[in-house]
Amino acid sequence: MSQKRDYYEVLGVPKDAPAGDIKKAYRKLALKYHPDQNPDNSEAEAKFKEAAEAYDVVGDVDKRQRYDQFGHQAFDQGAGAGGGGFTNVDDIFSAFGDIFGGSGGFGSMFGGGGGRRRGPQRGRDLRIVLDLTLEEIDEGVSKTVALKRMDSCEPCSGSGARKGTGKARCTTCNGSGQVTRSAGFFQMASPCPACRGAGEVIESPCQSCSGSGNVQDRTEVEIQVPAGVEEGVQLRITGEGDAGPNGSPRGDLYCVIREKEHRVFQRSGPDVLTEVPFAFSQLALGDKIEIPTLRGKVEMTVPAGTQSGKVFRLRGQGLPRMDSRARGDQLVRVFCEVPKKITDRQRELLEEFQEIDRETSGRKSFFDRVTEYLK
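Throughout what follows, the structure given in this document is the object of discussion. Within any chain, residue numbers begin from 1 and follow the written order of that chain's sequence. Local features in a predicted model are, by the rule used here, given only for residues with pLDDT of at least 70; side-chain atom pairs are given and counted only at 80 or more, and totals for whole chains, interfaces and linings are based on all residues. Only hydrogens and water are set aside; all other atoms, that is, all heavy atoms of the structure, feed into the side-chain values.

## Side note on the packing of aromatic side chains
This is how it is decided: Only the six-membered ring of Trp is used, alongside the rings of Phe and Tyr, when aromatic pairs are assigned; centres must lie within 6.5 Å, and planes under 30 degrees apart are stacked while those over 60 apart are edge-to-face, with the rest tilted. In DSSP terms, a helix is any run of H or I states spanning at least four residues, a strand is any run of E spanning at least two, and both are numbered starting from the N terminus. The criterion is that NZ of a Lys, or CZ of an Arg, lies within 6 Å of the ring centre and within 35 degrees of the ring normal, and then a charge sits over that ring.
Under the definition given, this model contains four aromatic pairs. When the centroid spacing of 5.8 Å and the interplanar angle of 70° are considered together, the rings of Phe280 and Phe353 count as edge-to-face. With a gap of 73 residues between them, Phe280 in helix H9 (residues 280-285) and Phe353 in helix H10 (residues 344-361) connect regions that are remote in the sequence. Taken together, the aromatic side chains of Tyr7, Tyr8 and Tyr67 make up a single cluster linked through ring pairs. A cation over a ring is seen here: Lys310 above Phe312, with NZ or CZ 5.8 Å from the ring centre.

Below is the structure:
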């Protein structure tokens, strides 16, 4: 499978380009490779779609931020899903009506009336929240989710027409899918309100779906979650949204990642943080202990004289990075745990230690130091 080009490279703009420059760059490419300008030219159509996909991402503030941080993987659910996902040219015209003046053809863009007929719009996009544990994020996971969505009506096979009947040319737009109105020196074309741009109308609607071609149903969708995904990232599963009207393509399903709270670890980007209690004797004398990680236990050495609050770094024991094969680290903060109850023998030894410590170290008590400071 070919490697996707950098979206900024596709549009010919620097990564810090303002939104206005990005829009101008896309419009220039859209005019150059527009299908009406390049009939039966598959290479031009591919470049037209590539530019639209790039603009769909870097022309949107939220998508651009995720792309700048994670690259193409921010929109990849493991099967090569990209930022735009346009199934055909009409999808592009529908998504960027402000660029093309409300219609796909050059006629509407420059004031003429001979634009292309638009087909029915694709189905509605759906959005769900997907809760994941840190263990699932660490390994990557396949999740099956239940959805309520619009599916094609079986009795009419999604056509919206009663069995044995068909469609007729729309008399409002005479089958063009557009209506044109004059505005000064210009002519503005917009989708026909009667047929919604299809150019056809249903003569006898299906009773099961009232002519829409769709009915609500329950279904299950499998979602491949890549390892290392972060909270707030949206995974796009192409073609798993609502079915479009009258057999037109489905919308997409967007899964917003939400991390479940972990009882041991906290996350900071690709790093994980944990706190581990130690006895005073362990910190004073040093020790080797097993530390829990997301993938089991590892041995960590605590040197003699370690102070409470010291942070140790376990290299490569964090989460995978979405933008590389490297892993983050695990940060272990140690703290001294003071027992609430001690035996008589423990008290005797601690008092003896305290007396020896005062005699040998020459350290004054905290109260003595504060008193001297205030003199």
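So, next bit.
## Here's the deal with the sheet that holds strand E9 (residues 253-259)
Short version of the rule: If DSSP finds at least two bridges between two strands, the strands pair. For helices, the fitted axis covers only the stretch in contact; all axes are lines through C-alpha atoms, and the angles between them, taken along N-to-C directions, range from 0 to 180 degrees.
Across the sheet, three strands lie side by side as E1-E9-E8; this open sheet has mixed pairing. The sheet terminates laterally at strand E1 (126-132) and strand E8 (234-237), the two strands that pair on one side only. Strand-to-strand twist in this sheet, taken as the mean axis angle between neighbours without regard to direction, amounts to 30°. Bridging between E1 and E9 involves seven bridges; their strand directions are parallel.

## A closer look at the packing of helix H2 (residues 19-33) against helix H3 (residues 42-58)
Applicable threshold: Working definition: roughly parallel below 35 degrees, roughly antiparallel above 145 degrees, roughly perpendicular at 65 to 115 degrees, and oblique for all remaining angles. Throughout, a crossing is termed right-handed when the near helix is turned clockwise from the far one, and left-handed when it is turned anticlockwise from it by less than a right angle. Any pair of residues with heavy atoms lying within 4.5 Å of one another is described as a contacting pair. Classification used: nonpolar for Ala, Val, Leu, Ile, Met, Phe, Trp, Tyr, Cys and Pro, charged for Asp, Glu, Lys and Arg, polar for all others including Gly.
At a closest axis distance of 9 Å, the pairing of H2 and H3 adopts a crossing angle of 165°. Between H2 and H3, the angle falls in the class roughly antiparallel. Note on packing geometry: the crossing formed by H2 with H3 is left-handed. Contacts from Ile22, Lys23, Tyr26, Leu29, Ala30 and Tyr33 of H2 reach H3 at Ala44, Lys47, Phe48, Ala51, Ala52, Tyr55 and Val58. Grouping the amino acids of the contact of H2 with H3 by side-chain chemistry returns eleven nonpolar, no polar and two charged.

## Looking at the nonpolar core
Rules: Throughout, nonpolar core names a set of buried Ala, Val, Leu, Ile, Met, Phe, Trp, Tyr and Cys residues whose side chains join them through atoms within 4.5 Å. For every residue, the accessible area obtained with a 1.4 Å probe (protein chains only) is divided by the maximum for its type, and the residue is called buried under 20%, exposed over 50%, and partly exposed between those limits.
With 48 residues, the main nonpolar core has Ile223, Val225, Val229, Leu235 and Leu253 as its most contacted residues. With eight residues, H3 is the single largest residue contributor to this core. Phe278, Leu283, Ile289 and Val332 belong to the second largest nonpolar core, which has eleven residues in total.

## Some thoughts on the pattern of salt bridges
As a reminder, the rule being used: Any carboxyl oxygen of Asp or Glu that lies within 4 Å of a side-chain nitrogen of Lys or Arg is treated as forming a salt bridge with it.
In this structure the tally under the stated criterion is 21 salt bridges. A salt bridge links Asp151 to Arg250; its shortest N-O distance comes to 2.4 Å. Placement of Asp151 in strand E2 (residues 141-152) and of Arg250 in the loop between E8 and E9 is noted, with a sequence separation of 99 residues between them. Among the charged side chains, a salt-bridge network with shared partners connects Arg122, Asp125, Arg236 and Asp252.

## Side note on the pairing of strand E13 (residues 296-302)
Examined bridge by bridge, strand E12 (residues 287-293) and E13 share seven bridges and lie antiparallel to one another. Bridge pairing links Lys288 to Thr301 in E13. Hairpin connection from E12 to E13: two residues lie between these consecutive antiparallel strands.

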